[in-house]
Amino acid sequence: MTLKSFNELFELDLSNEVAKRPVKKNSDLTLDYLEWANCIKLLYENGAEKVRYGMVKNENSYPCFYNQNGESAFVTVWVEVDGERYEEDYPVVNGIYPVSNPNQLDINKAKQRGFVKAVAINTGLGLGLWIKEEHVINNDKEIQRELSQNETSTLNDQVTTLFAKALQKTGDKDSLYTILQSSKEEIHKLYKSNDHAAKKILISQLDVILNDNNS
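So, here's what we can say about the structure. (Residues numbered from 1 in each chain as written. Predicted model: local features only at pLDDT ≥ 70, side-chain atom pairs only at ≥ 80, totals over all residues. Heavy atoms only, no water.)

1. What to know about the layout of surface pockets
Roughly 1600 Å³ of internal volume is contained in the largest pocket. Together, 50 residues line the largest pocket, and P91, V93, G95, I96 and Y97 are the ones closest to its centre. At the level of secondary structure, the elements contributing two or more residues to the lining of the largest pocket comprise β1 (19–22), β2 (30–33), β5 (84–91), β6 (93–94), β7 (97–98), α3 (104–123), α4 (127–139) and α5 (141–170). In terms of residue count, the dominant contributor to the lining of the largest pocket is α5 (8 residues). Forming the boundary of the second largest pocket are V159, T160, F163, Y177, K184, I187, H188 and Y191. Looking at the lining of the second largest pocket, the elements that each hand over two or more residues are α5 and α7 (184–192). No other element matches the 4 residues that α7 contributes to the lining of the second largest pocket. Class assignment for the residues of the lining of the second largest pocket results in 5 nonpolar, 2 polar and 1 charged. (1 Å grid on protein atoms, 1.4 Å probe; cavity = no way out; pocket = protein on both sides within 12 Å on 5 of 7 lines; lining within 4 Å. Points joined across faces, edges and corners; volume = space filled by probe spheres on them. Helix = DSSP H or I, 4+ residues; strand = E, 2+ residues; numbered from the N terminus. Nonpolar A, V, L, I, M, F, W, Y, C, P; charged D, E, K, R; others polar.)

2. A closer look at the sheet that holds strand β4 (residues 74–81)
On the basis of which strands lie adjacent, the open sheet formed by 3 strands has the order β3-β4-β5 and antiparallel pairing. One side of each edge strand has no neighbouring strand; the edge strands of this open sheet are β3 (51–56) and β5. Strand-to-strand twist of the sheet, defined as the mean angle between neighbouring strand axes without regard to direction, takes the value 25 degrees. Sheet analysis places β3 next to β4, joined by 6 bridges and oriented antiparallel. Bridging across to β4, V56 finds its partner in T76. (Pairing = 2+ DSSP bridges. Axes fitted to C-alpha atoms, helices over the stretch in contact; angles between N-to-C directions.)

3. A short note on the nonpolar core
Counting 31 residues, the largest nonpolar core has L43, V75, V79, F115 and L125 as its most contacted members. Listing elements by their share of this core, those giving two or more residues are α2 (36–45), β3, β4, β5, α3 and α4. If you tally residues by element for this core, the top one is α3, at 7 residues. Residues within four places of L125 in sequence aside, it is in contact with L9, L12, L14, L34, C39, L42, L43, V119 and A120. Listed in part, the 14 residues of the second largest apolar core include L155, L180, L190 and I203. (Core = buried A, V, L, I, M, F, W, Y, C linked by side-chain atoms within 4.5 Å. Buried < 20%, exposed > 50% of the residue type's maximum accessible area, 1.4 Å probe, protein only. Contact = heavy atoms within 4.5 Å.)

4. With respect to the pattern of salt bridges
Using the criterion set out here, one finds 7 salt bridges in the structure. With its nearest N and O atoms 2.6 Å apart, the salt bridge here joins D32 to K20. Taken as a pair, D32 in strand β2 and K20 in strand β1 lie far apart in primary sequence, 12 residues in all. When its relative accessible area of 19% is taken as the criterion, D32 is described as buried. Residues E87 and R85 are paired through a salt bridge, measuring 3.5 Å at the closest nitrogen-oxygen approach. Classification of R85 as partly exposed rests on a relative accessible area of 43%. Through salt bridges with shared partners, a single network forms among R52, E80, R85 and E87. (Salt bridge = Lys/Arg side-chain N within 4 Å of Asp/Glu carboxyl O.)

5. With respect to the side chain of Q112
Residue position: Q112 is located in helix α3. When neighbours within four sequence positions are excluded, Q112 is seen to be in contact with W36 and Y53.

See below:
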């Protein structure tokens, strides 16, 4: 017996297999999701003969990765179904909220969700649930406003940290503003704004300064 086709698994009725969770804190809006154990069960029930999964570990043998600023925690999950191997990066989140200092429980939850998503993307099983979740999140104005506010806060933290490090490297603010081709007023205005694209550009400029051995 072989695993059913992508389309067959995509069309599978999961109404008796899913659980519900709130989209965000204190919200009556819920989403259906497939728990990892049910995901494994359904794979075996629909033709899989061997299912394994785990996490890729970083250079310190720890199963969690971060961006270059030590933020935005995520895990990389590997999945093997009958010898076919897939990998999926999944953020460490609590609902829609990123977890800044994840513990083992947070990492394990990300592992489980990453496993389910990797299966969905590569086999079709439960993919409709992820499509629905993305649609709900992308079209809910309140959720998008919260996500935007959270990104603003995260970017501001990065700007503050990197600016301080760059200032320490260049020696004084005037030199740093000159290198950035900006001014105190412009940086302050950007910090108070919701211009995420411009903030990411500034972060990239600060990264260049910090990584420039000639500065």
